[in-house]
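Each chain, letter by letter, is given below.
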Amino acid sequence: MLSIRNLVHVYPNGTRALDDVSLEVPTGMFGLLGPNGAGKSTLMRSIATLQTPTSGQMTFGEIDVIKQPEELRRTLGYLPQDFGVYPRVSAYDMLDHMAVLKGIADGKDRKATVESLLNQVNLWPVRKKALAGFSGGMRQRFGIAQALIGQPRLIIVDEPTAGLDPEERNRFLNLLAEIGESVVVILSTHIVEDVADLCPRMAVLADGKIRLEGAPSDLLGQMQGRVWKKTIDKADLPEHRVQHEVISTRLFAGRTVIHVLSDAKPGPGFEPVSGGLEDVYFSTLSASRRAA
Ligand code: ADP
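The structure presented is a predicted model; accordingly, all values stated were derived computationally and were not measured.

K.L.:
Give a description of the site of the ligand that names residues and reports values.
P.N.:
Close contacts around the ligand come from 13 residues, with Gly37, Gly39, Lys40, Ser41 and Thr42 the closest. Between the ligand and Gly39 there is a distance of 3.0 Å, counted from an oxygen atom to a backbone nitrogen or oxygen. Contact between the ligand and Lys40: an oxygen atom at 2.9 Å from a main-chain N or O atom of the residue. Notes on the ligand: free accessible area 570 Å², of which the protein chains cover 64%. For the shell around the ligand, the class distribution of residues is four nonpolar, seven polar and two charged.

K.L.:
Lay out the nonpolar core with the relevant residues and their values.
P.N.:
Nonpolar side chains tend toward joint burial in soluble globular proteins. Ranked by size, the top nonpolar core spans 52 residues in total, and within it Leu95, Phe142, Ile144, Val157, Leu176, Ile179 and Val185 carry the most contacts. With six residues, helix H3 (residues 91-101) is the single largest residue contributor to this core. Dropping the residues within four chain positions of it, Val157 is found in contact with Leu79, Ile144, Leu176, Val185, Ile186, Leu187 and Ser188. Core analysis: the next-biggest nonpolar cluster, separate from the first, contains 27 residues, Ile4, Phe30, Leu72 and Ile156 among them.

K.L.:
So, the pattern of salt bridges: which residues are in play, and what are the values?
P.N.:
Applying the stated criterion across every chain, the model contains 13 salt bridges. A salt bridge links Lys40 to Glu159; the nearest nitrogen and oxygen atoms lie 3.4 Å apart. Within this pair, whereas Lys40 is found in helix H1 (residues 40-47), its partner Glu159 is found in the loop between strand S7 (154-158) and helix H6 (166-179), the two being separated by 119 residues in sequence. Judged by its relative accessible area of 8%, Glu159 falls in the buried class. Between Asp194 and Arg169 there is a salt bridge whose closest N-O contact spans 2.8 Å. A residue pair is termed long-range when its members are at least 10 positions apart, and Asp194 in helix H7 (residues 192-198) and Arg169 in helix H6 qualify at 25 residues. Classification of Arg169 by relative accessible area gives buried; the value is 17%. Several salt bridges converge on common partners, so that one network encompasses Arg16, Asp19 and Lys209.

K.L.:
Explain the packing of aromatic side chains to me, using residue names and the numbers behind them.
P.N.:
Following the criterion strictly, the structure yields one aromatic pair and no others. Taking the centre distance of 5.5 Å and the plane angle of 40 degrees together, the rings of Tyr281 and Phe282 count as tilted. Residue classification places Tyr281 among the buried residues on the basis of a relative accessible area of 4%. Owing to a relative accessible area of 28%, Phe282 belongs among the partly exposed residues under this scheme.

K.L.:
Report on the pairing of strand S13 (residues 255-261), specifying residues and quantitative values.
P.N.:
In terms of burial, S13 is largely enclosed, as six of its seven residues are buried. Of the strand pairs in this sheet, strand S11 (residues 227-232) and S13 are connected by six bridges, and their pairing is antiparallel. When the sheet's bridge partners are listed, Lys230 is paired in S13 with Ile258. Bridge count between strand S12 (residues 246-252) and S13: six bridges; the pairing is antiparallel. Residue pairing in the sheet places Phe252 in a bridge with Arg255 of S13. Here S12 folds back onto S13, and the loop between the two strands holds two residues, one of which, Ala253, carries a positive phi near 50 degrees.

K.L.:
Talk me through the domain arrangement of the chain; I want residue IDs and the actual numbers.
P.N.:
Under the domain assignment used here, the chain contains domain 1 (2-219) and domain 2 (221-291). Between domain 1 and domain 2, the contact holds 16 residues from the first and ten residues from the second. Across the interface of domain 1 and domain 2, roughly 1100 Å² is buried in total on both sides, 68% from carbon and sulfur atoms. Looking at the side of domain 1 facing domain 2, the largest losses of area belong to Val192, Arg211 and Leu219, adding up to 42% of the total buried there. Remark: the boundary between domain 1 and domain 2 carries zero salt bridges. Elements with a contribution of two residues or more to the side of domain 1 that touches domain 2: H7, strand S9 (201-206), strand S10 (209-214) and helix H8 (216-223). Among the residues forming the side of domain 1 that touches domain 2, the class breakdown is eleven nonpolar, two polar and three charged.

K.L.:
Talk me through the environment of Lys128; I want residue IDs and the actual numbers.
P.N.:
Within the element layout of this structure, Lys128 appears in the loop between helix H4 (107-120) and helix H5 (136-147). In this structure, the C-alpha to C-alpha distance between Lys128 and Val89, residues 39 residues apart in sequence, is 8.6 Å.

K.L.:
Describe the packing of H3 against H4, listing the residues and the values that go with them.
P.N.:
It is at 10 Å that the axes of H3 and H4 come closest, and there the two elements cross at 130 degrees. Comparing the axis directions of H3 and H4 gives the class oblique. At the point where H3 passes H4, the crossing takes the right-handed sense. Where H3 approaches H4, its residues Ala91, Tyr92, Leu95, Asp96, Ala99 and Val100 are matched on the opposing element by Arg110, Lys111, Val114, Glu115, Leu117 and Leu118. The residue inventory of the contact of H3 with H4, partitioned by class, reads eight nonpolar, no polar and four charged.

The rules behind the values
- Residues numbered from 1 in each chain as written.
- Predicted model: local features only at pLDDT ≥ 70, side-chain atom pairs only at ≥ 80, totals over all residues.
- Heavy atoms only, no water.
- Near = heavy atom within 4 Å.
- Polar contact = N/O pair within 3.5 Å; in protein donor to acceptor, adjacent residues only side chain to side chain.
- Areas by Shrake-Rupley, 256 points an atom, 1.4 Å probe, with all protein chains shown as cover.
- Nonpolar A, V, L, I, M, F, W, Y, C, P; charged D, E, K, R; others polar.
- Core = buried A, V, L, I, M, F, W, Y, C linked by side-chain atoms within 4.5 Å.
- Buried < 20%, exposed > 50% of the residue type's maximum accessible area, 1.4 Å probe, protein only.
- Helix = DSSP H or I, 4+ residues; strand = E, 2+ residues; numbered from the N terminus.
- Contact = heavy atoms within 4.5 Å.
- Salt bridge = Lys/Arg side-chain N within 4 Å of Asp/Glu carboxyl O.
- Phe/Tyr/Trp six-rings, centres within 6.5 Å; stacked < 30°, edge-to-face > 60°.
- Pairing = 2+ DSSP bridges.
- Domains from an automatic or database assignment.
- Buried area = accessible area lost by both parts, 1.4 Å probe.
- Axes fitted to C-alpha atoms, helices over the stretch in contact; angles between N-to-C directions.
- Parallel < 35°, antiparallel > 145°, perpendicular 65-115°, else oblique.
- Left-handed = near helix turned anticlockwise from the far one by under 90°.

Okay, here's the thing in structure tokens:
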């Protein structure tokens, strides 16, 4: 279990990227959802001990993350947003090199580790290919393989599905779900479906604050009967925004479909829809904007 209490991060230029963040993250997949600039990467880097928060506490099991960063790193697997380096080195050689860096000195142990990881992420057939020639999905799977070296108990993946095509994304998320059965996996993303499909628990971060936390199924349940849909002309949107709590708008066949949050039918032309996680997310964001 990862426990985060009252975490604050203020950058030297005064940006308050994390503002009193508290979270309990149990074993399994945990989805951290938020728009760009919400503070997700800042939180991921703080947990990964790459930057020290301004104030607050974090523990992972017995480890005090801020006071014992070395201990935490020993049990951490981290796939950063910009993994970045894709040299003309084969996947096998690169992973072997990274295993050396992670302290697996014994050649036999290392061979076993590298081979089993390449199989697990389905890169065994292309192990001799240079990373430079890998597709986005293959790179991300390689990124997970390196994050899994040394059997970490805490795995952090920061926006891993950005830029993947649907098939690659599916394959990558399935891989994460398998891993997430026995360890803590934190998946930071701005893509609602990543969380909806996989995560038994989630939180929404916006403007450095946790705006919502829970099990997606419970959060969905709270929306039942409160989401309404209407198809309107685009020109009528400003008026609807004044009269209703519009949580999302979408173009459909040249017209605008709006979703509105309301305990009762908001007016003529509205019909009830069973709210999805996207409605939960957008209504949380719109409430946090109103509070700002
Ligand atoms: P996210 O990952 O959700 O997009 P970030 O953690 O990258 O959010 O950024 C949160 C806020 O902190 C943003 O306003 C961003 O501009 C700011 N920020 C991020 N990194 C730095 C930095 N090194 N110095 C100053 N401000 C930063």
